[in-house]
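# Architecture and fold: a report
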Amino acid sequence: MQLSKYFILLTLSLFLTNCGDKNSSKQSSLSINTPKKSLMLGDTLKLSINNPEKLDITNVSYQINNKPVESTIILNNTSLGEKSITAQVTVGEKTETISKTIQVFNNIIPSIYTYEIVNTFPHDITSYTQGLEFYNGELYESTGQKKESKLRKVNFETGEVLKNLDLEDQYFGEGLTILNDKIYQLTWQAKRGFIYDVNTFEKLSTFNYGTSKEGWGICNDGKTLFKSDGTEKIFLLNPETLEEQGHIQVYTEKGKIPSINELEWIDGKIYANRYQRNGVLIINPETGGVEGVIDFRPLTKLVKQHPELDVLNGIAYNPVRETIFVTGKNWDKLFEVKIKKQ
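Below you will find a few notes about this structure. Predicted model, so just to flag it, every value in this text is computed and none were measured.

## Points about the overall build of the protein
Along its length, the protein carries 1 helix and 29 strands. Compactness check: the protein gives a C-alpha radius of gyration of 26 Å against a globular reference of 20 Å for 342 residues, more than 25% above the reference. C-alpha atoms of the protein, sized along the principal axes, occupy 90 × 55 × 40 Å. When burial is assessed residue by residue, the protein has 46% of its 342 residues classed as buried. Here the contacts in the protein between residues at least 6 apart in sequence split such that 53% fall between residues at least 24 apart. Surface accessibility of the protein: about 17800 Å² in total, with carbon and sulfur atoms responsible for 48%. Considering the protein, the positive charge centre built from 39 side chains and the negative charge centre built from 42 side chains are found 7 Å apart.

So, in structure tokens, the structure goes:
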């Protein structure tokens, strides 16, 4: 009998506890009201609270991506992409946090650019090009594929390999960039990058990725490293600590652009390959907005056609010649071009 009473009391206690938890976690019907779920750069965002139960709200404060904002905001000085809006709403003595996600699109249609071929140079047809960059007049290249990945310094006029370093077999090489005599080279899915001395190719250190999923492309503006991971995001890295200090999202006036790959910094803009597309995007590094598109599709017909031939990949700006060099994965040619707006 005593045992039966014990089980009855235990069951009743658990039932009452669960009921109390359910009631205490119950939220009101409050929600954040916005004019629409998708806005454009320059639009005015007006925030308010839907209050169908007509509760006595005594205070409301808003944040966008954890930064305090007013209830009315002009979306001028902001980056594009998904934004998390949160509101802390005080009703009586209780404060409730509610949230909503919106998207901010670019407010311009990208300009279309064409190109003029200035020169054509030989390129190693076995190189699965991932990164390409000029530094002090010399061309550096990073190549991919496991057991075939390399870091190289190349004579761009002859195709001669001046210096070569093979990566360990387990690594799939990706993009590279050079800053202050240091080469930063990414690997694909190992979540690890390498730093080398640009003169000796001596490995100085390694670094791990943060929230970015993989290593794809990388460039720099002289102060900050910009890293892509195959999504629409481009991450900003501190070149000393290699910590990710935020990101931008690549958007047009219609929506996000995923598969951002090889990157190059040219005259204050980020130029980016989009994987499996034979073109290059011109991206505003402040907003992530696509301002231009360069159509390089005709170049694929000018290279040797063979079974291993793959897409355009590799952008390098030569500041002395004021030209852009492009090639592709297993292409036998390196093209020097000048671009112009249509």
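## What about the sheet that holds strand S10 (residues 111-122)?
Across the sheet, 8 strands lie side by side as S23-S24-S25-S26-S10-S29-S28-S27; this open sheet has mixed pairing. Of all the strands in the sheet, the pair left with one neighbour each is strand S23 (260-266) and strand S27 (312-318). On average, each strand axis in the sheet is inclined to that of its neighbour by 30 degrees, with strand direction left out of account. As paired elements, strand S25 (residues 279-283) and strand S26 (residues 290-295) share 5 bridges and run antiparallel to each other. Bridging from a neighbouring strand, Ile 283 pairs with Val 290 of S26.

## Some details on the packing of aromatic side chains
Within this structure, the stated rule accounts for 16 aromatic pairs. What links up through ring pairs into an aromatic cluster is the set Phe 121, Phe 134, Phe 156 and Phe 325. Just above the ring of Phe 194 sits the side chain of Lys 203; from NZ or CZ to the centre is 4.2 Å.

## Thoughts on the layout of surface pockets
Roughly 560 Å³ of internal volume is contained in the largest pocket. Within the residue set of the lining of the largest pocket, elements represented by two or more residues are strand S6 (67-69), strand S7 (72-74), strand S8 (81-91) and strand S22 (244-249). When residues in the lining of the largest pocket are grouped by element, the largest group, 3 residues, is from S22. Among the residues making up the lining of the largest pocket, the classes are represented as 7 nonpolar, 8 polar and 5 charged.

## Here we look at unusual backbone geometry
Positive phi is not limited to glycine here, since Phe 201 has a value of about 65 degrees. Locating Phe 201 in the fold gives a position in the loop between strand S17 (192-197) and strand S18 (203-208).

## Quick look at the pattern of salt bridges
Within this structure, the stated rule accounts for 5 salt bridges. A salt bridge links Arg 152 to Asp 124, with the shortest nitrogen-to-oxygen separation between them at 2.8 Å. Note that Arg 152 is positioned in strand S13 (residues 150-154) and Asp 124 in the loop between S10 and strand S11 (129-135), a separation of 28 residues in sequence. Given a relative accessible area of 10%, Arg 152 falls into the buried group. For Glu 336, the salt bridge goes to Arg 321, with nearest N and O atoms at 2.8 Å. Residue Glu 336 is found in strand S29 (residues 333-341), and its partner Arg 321 is found in the loop between S27 and strand S28 (323-328); the two are separated by 15 residues along the sequence. Residue class for Arg 321 comes out partly exposed when judged on its relative accessible area of 31%.

## What about the pairing of S8?
As judged from the 7 bridges shared by strand S5 (residues 57-64) and S8, these two strands associate in the antiparallel manner. Residue pairing across strands places Asn 59 opposite Thr 90, the latter belonging to S8. Here S8 pairs with strand S9 (residues 94-105) via 11 bridges, running antiparallel. Note on S9: the bridge partner recorded for Thr 90 is Thr 95. Joining the antiparallel neighbours S8 and S9 is a turn of 2 residues, in which Gly 92 adopts a positive phi near 65 degrees.

## Some remarks on the sheet that holds S11
On the basis of which strands lie adjacent, the open sheet formed by 4 strands has the order S11-S12-S13-S14 and antiparallel pairing. Strand pairing shows two members of the sheet lacking a second neighbour, S11 and strand S14 (161-166), which therefore form its edges. Taken pair by pair, the neighbouring strands of this sheet meet at an average axis angle of 15 degrees, ignoring direction. Two strands pair when backbone bridges link them, and S13 and S14 are joined in this way by 5 bridges, in the antiparallel orientation. Across the sheet, Val 154 pairs through a bridge with Val 161, a residue of S14.

## What to know about the nonpolar core
In a soluble, globular protein the nonpolar side chains are often hidden away together inside. Residues Ile 32, Leu 45, Leu 47, Ile 49, Ile 85, Ala 87 and Ile 98 are the most contacted members of the largest nonpolar core, which totals 20 residues. Mapped by element, the contributors of at least two residues to this core are S5, S8 and S9. Ranked by residues supplied to this core, first place goes to S9 with 4 residues. If sequence neighbours within four positions are ignored, Ile 32 has contacts with Leu 47, Ser 48, Ile 49, Asn 50, Ile 85, Thr 86, Ala 87, Ile 98, Ser 99 and Lys 100. Judged by nonpolar contacts, the second largest core, of 18 residues, contains Val 280, Ile 315, Ile 324 and Trp 331.

What counts and how
Residues numbered from 1 in each chain as written. Predicted model: local features only at pLDDT ≥ 70, side-chain atom pairs only at ≥ 80, totals over all residues. Heavy atoms only, no water. Helix = DSSP H or I, 4+ residues; strand = E, 2+ residues; numbered from the N terminus. Rg over C-alpha atoms; globule rule 2.2 N^0.38 Å. Buried < 20%, exposed > 50% of the residue type's maximum accessible area, 1.4 Å probe, protein only. Contact = heavy atoms within 4.5 Å. Areas by Shrake-Rupley, 256 points an atom, 1.4 Å probe, with all protein chains shown as cover. Lys, Arg positive; Asp, Glu negative; His and termini not counted. Charge placed at Lys NZ, Arg CZ, Asp CG, Glu CD. Pairing = 2+ DSSP bridges. Axes fitted to C-alpha atoms, helices over the stretch in contact; angles between N-to-C directions. Phe/Tyr/Trp six-rings, centres within 6.5 Å; stacked < 30°, edge-to-face > 60°. Lys NZ or Arg CZ within 6 Å of the ring centre and 35° of its normal. 1 Å grid on protein atoms, 1.4 Å probe; cavity = no way out; pocket = protein on both sides within 12 Å on 5 of 7 lines; lining within 4 Å. Points joined across faces, edges and corners; volume = space filled by probe spheres on them. Nonpolar A, V, L, I, M, F, W, Y, C, P; charged D, E, K, R; others polar. Salt bridge = Lys/Arg side-chain N within 4 Å of Asp/Glu carboxyl O. Core = buried A, V, L, I, M, F, W, Y, C linked by side-chain atoms within 4.5 Å.

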